[in-house]
Amino acid sequence: VQLQASGGGLVQAGGSLRLSCIASGRTLSSFFVAWFRQAPGKERDFVAAIRVTSGYTDYADSTRGRFTISGDNTKNTVYLQMSILKPEDTAVYYCATPSSVWTVPGRLPREYADWGQGTLVTVSS
């Protein structure tokens, strides 16, 4: 399986970006798919998760109301729409899935087996 995250870039505070996570070798809609982020010198933190087939979504407190996670089955892609961006949202963003459709992961990185390469989001003040 390969996960490819894209869509990062430089944006001013208050702006928006949409990240994409495209999978090959795996039907994303059947898996829990999460976005994590890691700022320099900090731990990798949970951002949001989705299971498209069930409509389940979960958000970190810091992103709920500003970020929206969604999936497109036809493109085998999960998106993270980020709005009202803040400088503290600056980080490398990763998408991840567990190794099995039967796994119900939580919010810890160690619960996810497969990771994309990351895409950098920089929010200027």
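Up top is the structure.
Since the model is a prediction, treat every value here as computed from it, not as a measurement. (Residues numbered from 1 in each chain as written. Predicted model: local features only at pLDDT ≥ 70, side-chain atom pairs only at ≥ 80, totals over all residues. Heavy atoms only, no water.)

Draft legend 1. Representation of the overall build of the protein in the model. Along the backbone of the protein there are zero helices and eleven strands. The order of helices and strands in the protein, counted from the N terminus, is β-β-β-β-β-β-β-β-β-β-β. Taken against the 2.2 N^0.38 rule, which gives 14 Å for 125 residues, the C-alpha radius of gyration of the protein at 13 Å falls within 12% of a compact globule. The principal-axis extents of the C-alpha atoms in the protein amount to approximately 40 × 30 × 25 Å. Within the protein, residue pairs in contact and separated by at least 24 positions form 57% of the contacts whose partners lie at least 6 positions apart. Counting only carbon and sulfur atoms, one obtains 49% of the accessible surface of the protein, whose full area is about 6,300 Å². Across the protein, the centroid of the 12 positively charged side chains sits 3 Å from that of the 9 negatively charged ones. (Helix = DSSP H or I, 4+ residues; strand = E, 2+ residues; numbered from the N terminus. Rg over C-alpha atoms; globule rule 2.2 N^0.38 Å. Contact = heavy atoms within 4.5 Å. Areas by Shrake-Rupley, 256 points an atom, 1.4 Å probe, with all protein chains shown as cover. Lys, Arg positive; Asp, Glu negative; His and termini not counted. Charge placed at Lys NZ, Arg CZ, Asp CG, Glu CD.)

Draft legend 2. Highlighting unusual backbone geometry. Positive phi, close to 50°, is recorded for N76, a residue that is not glycine. Locating N76 in the fold gives a position in the loop between β7 (67–72) and β8 (77–82). In this structure, I84 is a non-glycine residue whose phi angle is positive, near 50°. Inspection of the secondary structure assignment puts I84 in the loop between β8 and β9 (91–97). Its relative accessible area of 49% is what places I84 among the partly exposed residues. (Buried < 20%, exposed > 50% of the residue type's maximum accessible area, 1.4 Å probe, protein only.)

Draft legend 3. Local environment of the nonpolar core. The biggest cluster of nonpolar side chains holds 26 residues, and the ones touching the most others in it are W35, I69, L80, M82 and Y93. Of all elements in the fold, only β1 (2–6), β3 (17–24), β4 (33–38), β5 (44–51), β7, β8, β9 and β11 (119–124) reach the threshold of two or more residues within this core. Here this core takes four residues from β3, the largest share from any one element. When neighbours within four sequence positions are excluded, L80 is seen to be in contact with L17, R18, L19, W35, V47, A48, F67, T68, I69 and Y93. The next biggest cluster of nonpolar side chains, apart from the first, holds seven residues, and it includes A34, A60, A96 and Y112. (Core = buried A, V, L, I, M, F, W, Y, C linked by side-chain atoms within 4.5 Å.)

Draft legend 4. Structural detail: the pattern of salt bridges. Using the criterion set out here, one finds five salt bridges in the structure. A salt bridge links R64 to D61, with the nearest nitrogen and oxygen atoms 2.9 Å apart. Residue class for D61 comes out exposed when judged on its relative accessible area of 63%. Ionic contacts of the salt-bridge type, sharing partners, join the residues R37, R66 and D89 into one network. (Salt bridge = Lys/Arg side-chain N within 4 Å of Asp/Glu carboxyl O.)

Draft legend 5. Spotlight on the state of the cysteines. Summed over the entire model, instances satisfying the criterion amount to one disulfide. In this model C21 forms its disulfide with C95; the gap between the sulfur atoms is 2.2 Å. Judged by the sign of its S-S torsion, about 75°, the bond between C21 and C95 is right-handed. With C21 in strand β3 and C95 in strand β9, the pair connects residues that are 74 residues apart, well separated along the chain. In this structure C21 comes out as buried when scored by relative accessible area, which is 0%. (Disulfide = S-S within 2.5 Å.)

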